[in-house]
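Below are the chains, spelled out letter by letter.
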Amino acid sequence: MSSQEIPEENLPTKQETEPEHGSVAVADDNPFADPGLPPHQHRIQDIDERAAKRSERAIAFMFTLSMLATVGFIAAFVTIPADKSIFVWPIGHISGLNFALGLTLGVALFCIGAGAVHWARTLMSDVEVADDRHAIEAEPEVKAKVMADFKAGAEESQFGRRKLIRNTMFGALALVPLSGVVLLRDLGPLPEDKLRHTKWAKGKKLVNMNTHEPLRPSDVQVGSLTFAMPEGMSEHDHDFQTEIAKAALMIVRIQPENIKDKRELEWSHDGVVAYSKICTHVGCPISLYEQQTHHVLCPCHQSTFDLSDGARVIFGPAGHALPQLRIGVNEEGYLEALGDFEEPVGPAFFERG
């Protein structure tokens, strides 16, 4: 039926259909009336206990899957070699350990979150409650209401009733932190007593680090500074940098009558003394030598050591003297070590630890 066929008395007036400019159309005379809440729509879990049980089992499954993923995280950390590589399309070749750790930890955290969300959306009460504004101070009535609301919320969450959900959630939350504890183990390899030992051993020749040739006493002149490393080490070794940082040696020759320390003289050969090149402050390599004073200077923080007096510290922040290596000459006439350093080389805190 068109508007021409509607009787004119039944048509809305212009005032009803077109509000005046600047006016606001309202439903009634009170523009601030509370519209109230829409009618509550019950979920299937609210009216069907079988559906609620299905949701409960689904939530428990997610929490259980989180626990299994956490166990998988720990198992992957223990069993998968750090250098193992796998191909994952379309990423390519990646670390198998990192992939396994990321996957299992992601599943563990996701399942806890997904289970909590599913619990809230299907089993916890979704009834909207409007609360009027009240004074900031808490009165006895307010405290009583808060406790009552808390008790009602606990009952509506069915936390006490749904024991399967509660127990599996506790299990998932208890196991997930173990992932972080296990990661602490990956901060670095355990040092054990590795810092107390170097590549030096009895019978190892002193090899010039520049020429890679064994050293004879005649190769070390008074006033010169020579750097040496243990026989058998190569710059192509995978652990060369780690080992040379402990075994680097500096060799100087001092007239025997100018050596003040008795043990230093006994551990030397015809005035040739060998000391660790690693500063005992923060481990910088020492490279500056004053031949008149027999002092060596660390270029990092100016720690100064007297090589004619047991390499004791005479200036700077270094903690203690440089370790000395006991040396001798073998049957072929080459300088050789008579053992390892008798104290840890490098920064003092390694020895104190």
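Since this is a predicted model, take the numbers as computed values, not measurements.

Visitor: Just checking my understanding: could you explain the sheet that holds strand β5 (residues 249–253) for this structure?
Guide: Strand pairs in the sheet, formed through backbone hydrogen bonds, run parallel or antiparallel to each other. Pairing within the open sheet is antiparallel, and its five strands lie in the order β3-β4-β5-β6-β11. Two strands lie at the open edges of the sheet, namely β3 (206–208) and β11 (324–325), each paired on one side alone. Pairing analysis gives five bridges linking β5 to strand β6 (residues 272–276), with the strands arranged antiparallel. Considered in β6, the bridge of L249 is made with S276.

Visitor: Would you mind showing me how to read the packing of aromatic side chains here?
Guide: All told, the structure shown has zero aromatic pairs when counted by the stated rule. A cation sits over an aromatic face here: R216 above Y334, 4.1 Å from the ring centre. Above the ring of W267, the side-chain terminus of R263 is found at 4.1 Å from the ring centroid.

Visitor: Looking at this structure, I do not really get the sheet that holds strand β10 (residues 312–315). What am I missing?
Guide: Spatial strand order, β7-β8-β9-β10: four strands in an open sheet with antiparallel pairing. Of all the strands in the sheet, just β7 (288–290) and β10 have a single pairing partner and so form its edges. Averaged over all neighbouring strand pairs, the angle between strand axes comes to 30°, with direction disregarded. Note: strand β8 (residues 295–297) against strand β9 (residues 304–306), three bridges, orientation antiparallel. Residue pairing for β9: H295 is matched across the bridge by D306.

Visitor: I'm lost on helix α6 (residues 163–175) in this one. Help?
Guide: Every α-helix winds through 3.6 residues per turn, so residues three or four apart in the chain are directed the same way. Across its 13 residues, α6 extends 18 Å between first and last C-alpha, which sits within 8% of the 18 Å expected from 1.5 Å per residue. Turning to α6, its buried residues are I165, T168, M169, G171 and A172. Mapping the buried residues of α6 onto a view down its axis gives an arc of 160°, with all of them on the same face. Buried residues along α6 sit against α3 (49–79) and α4 (96–122).

Visitor: Can you help me understand the environment of I286 in this one?
Guide: You can see I286 is positioned in the loop between β6 and β7. We classify I286 as buried; its relative accessible area is 0%. Sequence separation between I286 and Q302 is 16 residues, and the spatial gap between their C-alpha atoms is 9.7 Å. For I286, the contacting residues outside a window of four places in its chain are F227, M250, K277, C279, V296, L297, C298, P299, F305 and L322.

Visitor: Would you explain the pattern of salt bridges in this entry?
Guide: Side-chain pairs of opposite charge can arise where the charged atoms are in close proximity. Within the structure shown, the criterion is met by 13 salt bridges. Among the salt bridges present, the one from D126 reaches R43, with a minimum N-O distance of 3.9 Å. Remark: R43 occurs in the loop between α1 (14–17) and α2 (44–47) and D126 occurs in the loop between α4 and α5 (140–157); sequence separation between them is 83 residues. Looking at R43, the relative accessible area reads 13%, which means it is buried. Among the salt bridges present, the one from E56 reaches K53, with a minimum N-O distance of 3.6 Å. A residue pair is termed a helical-turn pair when its members lie 3 or 4 positions apart in one helix, as E56 and K53 do in helix α3 at three residues. Looking at K53, the relative accessible area reads 37%, which means it is partly exposed. Each of E49, K53, E56, R161 and R162 takes part in one network of salt bridges that share partners.

About the cut-offs
Residues numbered from 1 in each chain as written. Predicted model: local features only at pLDDT ≥ 70, side-chain atom pairs only at ≥ 80, totals over all residues. Heavy atoms only, no water. Pairing = 2+ DSSP bridges. Helix = DSSP H or I, 4+ residues; strand = E, 2+ residues; numbered from the N terminus. Phe/Tyr/Trp six-rings, centres within 6.5 Å; stacked < 30°, edge-to-face > 60°. Lys NZ or Arg CZ within 6 Å of the ring centre and 35° of its normal. Axes fitted to C-alpha atoms, helices over the stretch in contact; angles between N-to-C directions. Expected span 1.5 Å × (residues − 1). Buried < 20%, exposed > 50% of the residue type's maximum accessible area, 1.4 Å probe, protein only. Arc of directions from axis to C-beta. Contact = heavy atoms within 4.5 Å. Salt bridge = Lys/Arg side-chain N within 4 Å of Asp/Glu carboxyl O.

By themselves, these observations are geometric and do not establish any function.
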